[in-house]
Structures are given as C-alpha cells and as structure tokens.
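Residue-level structural notes
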Amino acid sequence: GVEREVLNIVVVGHVDHGKSTVIGRLLYDTKSLPEGAIDRVKRIAKEKGKPFEYAYLLDAFEEEQKQGITIDTTQLQFRTEQRDYVIIDAPGHKEFLKNMISGAASAEAALLIIDANEGIQEQSKRHGYILSLLGIQKAYVLINKMDLIDYSEAKFNEIKQEMNEFLHNLHVFPLKYIPISAFFGENMITRSEKMPWYKGEPILKAIDLFEKDRGLESKPLRFPIQDVYKFDNRRIIAGRIESGTLHVGDEVLISPSNKLTKVKTIEYWADKDKTDSIYAGMSVGITVEDEFFNQRGEFIVHPDQAPLVSDTFKANIFWMGKKPLVKGTDYKLKLATQELECEIHSIVKAIDATTLETIEDAGQVKTNDVAEVIIRTKKQLCFDEFKNNQLTGRFVIVDGYDVSGGGIVSGLVKAWQAVS
Ligand code: GDP
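Below: a short report on this structure. (Residues numbered from 1 in each chain as written. Predicted model: local features only at pLDDT ≥ 70, side-chain atom pairs only at ≥ 80, totals over all residues.)

Points about the overall build of the protein
A count of helical and extended segments in the protein gives seven helices and 23 strands. Oriented by its inertia axes, the alpha-carbon framework of the protein measures out at about 80 × 55 × 45 Å. Every one of the 420 residues in the protein was classed for burial, and the buried ones make up 39%. (Helix = DSSP H or I, 4+ residues; strand = E, 2+ residues; numbered from the N terminus. Buried ≥ 20, exposed ≤ 12 C-beta atoms within 10 Å, placed from the backbone.)

Written as structure tokens, this is what we have:
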C-alpha cells in the first residue's frame, strides 16, 4: 500500500493544565488505545473511589510499561484520515531539550496548553521559549478548561492576546489558538456547540493542517565530502547526500572554497547500479570536470542554493560535559564531515534545563544547561540554519576526546551584533 505520512508532535504545558487529559482524549477518540485499556482504567479508578479520568490513561500505560506489558509511552501514536501522529514524550525539559538538540527526537510541531482558569504562568512562557530555542515554528496554543470560565469568548481573547504578544517577541508565531475543554471533549474531535463563537477547527482537524516539511530529496543539495580517493588516475569524491538531488552534468559549487565545476560521472560498482541521478540518503562516489584539490568537510551544492559560510554564528546548545563550557576555551566542532577548532565567543543567555530559569551573568555553561551562544570557528564553516535543514544545521562540540555538547545553528550574527 501507499506509505502514510507521519508527523511527530510534542505536547507541552504547565503541570495540571491538562496535558495528559488532552493526550488521553486524542487517543481514546481516535480509537488508538489497546484492547480493554479503558475498562482497566475505569476499574482502577473505581477501586480507588475516584471518578474516571482520561489523564489516568497515560499513567496506566506507564504502569504497564514498568511491568513490561504493552505500550511504549515514548511512542504514543494515533491516526487521522490524513496521516499518522507520533506524540513525542517530553517527560522533563532536560530530556526533551537534550533529545531534540542531539537529534534523538524530532518534534515537527507542538501543542502548547494553557489552563483558561489559571491563565498564563511563567512555565507557559518558558515552554514558548523552548519552542523558539528549537526552531519549532509550527505550533498551536490550546486554551483548556474553558468549562471553568463558562466558555467565555472574552476571557479566551484576553489570554490569546497576552500569549500572542509574548510569543511574537520570541519569533514564535502560533498558527492557531483553540479554546477547548479536554475533560468534556469540547473542540477535540468535532466543533463544540458550547462555543459557537469559535469559527476555527477542533484539534483533530486543526492538526491535519500542520504542513509537513518538504522531504529531504526536494531540499537544496547538501553533499558533504567524506573522502577523496585516487583510483585509475581519477579523483573520486565520496560521501553521503544529506539532502537534495544530484545529476550528471549539474553545475556545482564546492563550498567554502568557492570553486565551480560540473559533475562528470556518478560511480557505480555493478552495471545494474548505473544511474544519472542520486538522492538524499545515498552514499555515493562522483567525479567532477575539474581536478581541484577537494577535501573532506567541503559541501558540494548547487550554486543558486549555497549554504551559509562564516566563522561566526549564533547557536543554541545543550551542554553535557563533565567540565563546564567556558568562554574563550578551545573546543572541537563537528558539523556534517567538517571538524574544526572553535571557541565560544559569548554566552548570550544560559538556562537551567530542568527549571528553564535564566542563569544571570553566566560566564560558563554547566552540565545539563542550555545556552544561546555565539561560536567562532578558526576557519570558515559551511552550514544551514537548523530550521531550514536539520542535518547541516546541527553540530556537536568535543572537549578533549568527549562529545560534550550538541547544538543547533540559529542564525548568522548581524552586523550590529558584530563582535570584536
Ligand atoms: P497535566 O499535569 O498537564 O498532564 O494535567 P492533567 O491532564 O493530569 O489534568 C490535571 C487536572 O485537570 C485533572 O484533574 C484533570 O481532570 C483536570 N482537567 C483537565 N482538562 C480539564 C478540562 O478541560 N476541564 C476541567 N474542568 N478540568 C480539566
């Protein structure tokens, strides 16, 4: 059959604002729960003398997982007519940030939950900040527990406006604000009759409107050179195509050394593998018209879709080194096949990854902290912004022999921020 599209989403929000209830409801209403799960949860609730809650569904899963039965809570899935969804679990900020920055998890879209009765809390704002830190641009804000404020449009608008102002300053532009009552199932699967003033989609319809990123094949070509071999007097450039497509005869730019040439051949071992074009994900060898001295680390790209090239850039990093990350110290940076010396030129902001509190006047980044930094490399580096290309916008920092940090490129340093 045709492969179904998969979208990874993360659900974040201040504790008790309704994360588990929203997830439990989505799973229940899309019939994604294992056989008998609801009955079991109902029975447990009754035994404890408590009313049934959708939020218990997740606890029940976790409990079963501990006992080695059934579901992996880090892989909660449900489906709509349009596609499959995987809910990326964010057990704590620290794990989530670490997994996202290192590439172990990849949330493509986010749902941020705010309790309508409690209003926006510090933690809600910090979650907004996480989204901006990770370059997650697809986000909806769910204003939950509308039942507790009599489904008031005025209160909904108040919260929406306040959150919108805050998020815009972070350059996060939520695509939608949805008033819901997860507990009573309002605006979850179908439009709520309790809120006729809301003209938008319920959650399940709205998430189908998140646009999936273009596939790697249709992104700009990024072919980092892994090695150059001499073979029969020909220089064969080998590597893995991270994104894009390459054809024999294409004009290509070799970056950052800025040489133009043409693709002469695509190498193959057996006749059956002969091809004129190669795609993202393939490990290949090619030859080019001009026999430059190409070296490991350089990117082969199409000239009209060049990557960024600089020795100074802004990044968001997660530090897990045994020693703190210190300004001005030399480290090794690895991005795609490039490896070069770098230093942290400045720490713009350091954040405790567990509480998401800002650490004032940080001169260093401690283990398990997150930071916005400006990095300087000893030579020119080519890269992309993470939001444009996750493979060439991500790097690791090596301290001595240990991989001690991961980072994502957030942008170039603007002239007015130029550093001496
Ligand atoms: P989490 O900590 O964010 O996962 O929050 P939960 O989903 O566990 O919900 C916290 C409490 O709020 C629970 O007692 C829920 O029953 C309750 N709750 C969740 N959604 C709603 C809602 O829409 N209306 C009301 N009145 N209570 C809700």
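Concerning the pairing of strand β6 (residues 176-179)
Of the pairings in the sheet, the one linking strand β5 (residues 139-144) to β6 comprises four bridges and is parallel in character. Each residue of the ladder has a partner; that of Val 141, found in β6, is Tyr 177. With helix α6 (residues 153-169) bridging β5 and the parallel β6, this β-α-β connection has right-handed handedness. (Pairing = 2+ DSSP bridges. Right-handed = clockwise from strand over helix to strand, strands pointing away.)

Digging into the pairing of strand β17 (residues 330-335)
With burial as the criterion, only one face of β17 is covered, namely that bearing Tyr 331, Leu 333 and Leu 335; the residues Asp 330, Lys 332 and Lys 334 on the opposite face remain uncovered. As judged from the six bridges shared by β17 and strand β18 (residues 338-352), these two strands associate in the antiparallel manner. Considered in β18, the bridge of Asp 330 is made with Glu 343. In sequence, β17 turns back onto β18 through a hairpin of two residues, with Ala 336 there showing a positive phi of about 50°. Note that β17 and strand β22 (residues 394-399) share three bridges and pair antiparallel. Across the sheet, residue Leu 333 finds its bridge partner in β22, namely Ile 397.

As for the site of the ligand
Near the ligand, the surroundings consist of 17 residues, among which Lys 19, Ser 20, Thr 21, Ala 55 and Phe 183 are the closest. For the shell around the ligand, the element with the highest residue contribution is helix α1 (residues 19-29), accounting for three residues. (Near = placed C-beta within 6 Å.)

Points about helix α5 (residues 122-133)
The terminal C-alpha atoms of α5 lie 16 Å apart, and with 12 residues this matches the ideal 16 Å at 1.5 Å per residue to within 8%. For α5, the complete set of buried residues consists of Ser 124, His 127, Gly 128, Ile 130, Leu 131 and Leu 133. Where α5 ends, the next residue or the one after it, Gly 135, has phi of about 65°, a positive value. (Expected span 1.5 Å × (residues − 1).)

Brief notes about the sheet that holds strand β7 (residues 223-231)
On the basis of which strands lie adjacent, the closed barrel formed by six strands has the order β7-β8-β13-β11-β10-β14 and antiparallel pairing. Adjacent strand axes in the sheet meet at a mean angle of 50°, parallel and antiparallel pairs treated alike. One ladder, built from two bridges, connects β7 with strand β14 (residues 299-301); its direction is antiparallel. Along β14, the bridge assignment pairs Phe 223 with Ile 300. (Axes fitted to C-alpha atoms, helices over the stretch in contact; angles between N-to-C directions.)

Some remarks on the nonpolar core
By size, the foremost hydrophobic cluster in this structure holds 108 residues, and its most contacted members are Ile 9, Val 11, Ala 110, Leu 112, Leu 142, Ile 143 and Ala 371. Looking at which element gives the most residues to this core, the answer is strand β21 (residues 369-383), with seven residues. Those residues in contact with Ile 9 that sit more than four places away from it in its chain are Tyr 85, Ile 87, Ile 88, Ala 107, Glu 108, Ala 109, Ala 110, Leu 111 and Ile 207. (Core = buried A, V, L, I, M, F, W, Y, C linked by C-beta atoms within 7 Å. Contact = placed C-beta atoms within 7 Å.)

Looking at unusual backbone geometry
Here Ser 255 and Pro 256 are connected by a cis peptide whose omega angle stands at 10°. Within the secondary structure layout, Pro 256 lies in the loop between β10 (251-255) and β11 (259-266). One non-glycine residue, Asp 150, lies in positive phi territory at about 50°. Following the sequence through the fold, Asp 150 ends up in the loop between β5 and α6. Here Asp 150 falls in the exposed class, since 9 other C-beta atoms lie within 10 Å of it.

Details of the environment of Ile 286
Inspection of the secondary structure assignment puts Ile 286 in strand β13 (residues 283-288). For Ile 286 and Ile 189, which are 97 residues apart along the polypeptide, the C-alpha to C-alpha distance reads 51 Å.

Concerning the environment of Val 172
Considering the arrangement of structural elements, one finds Val 172 in the loop between α6 and β6. Judged by local crowding, Val 172 falls into the buried class, with 24 C-beta atoms found within 10 Å. Between the alpha carbons of Val 172 and Lys 138 there is a distance of 8.5 Å; along the sequence they are 34 residues apart. Setting aside its immediate chain neighbours within four residues, Val 172 contacts Gly 128, Leu 131, Ser 132, Ala 139 and Leu 167.

Topic: the environment of Leu 308
Here Leu 308 is to be found in strand β15 (residues 308-319). Accessibility expressed as a C-beta count within 10 Å gives 18 for Leu 308, which makes it partly exposed. On a C-alpha basis, the gap between Leu 308 and Pro 324 in space is 29 Å, while along the polypeptide they are 16 residues apart.

That is the geometry; function is a separate question.
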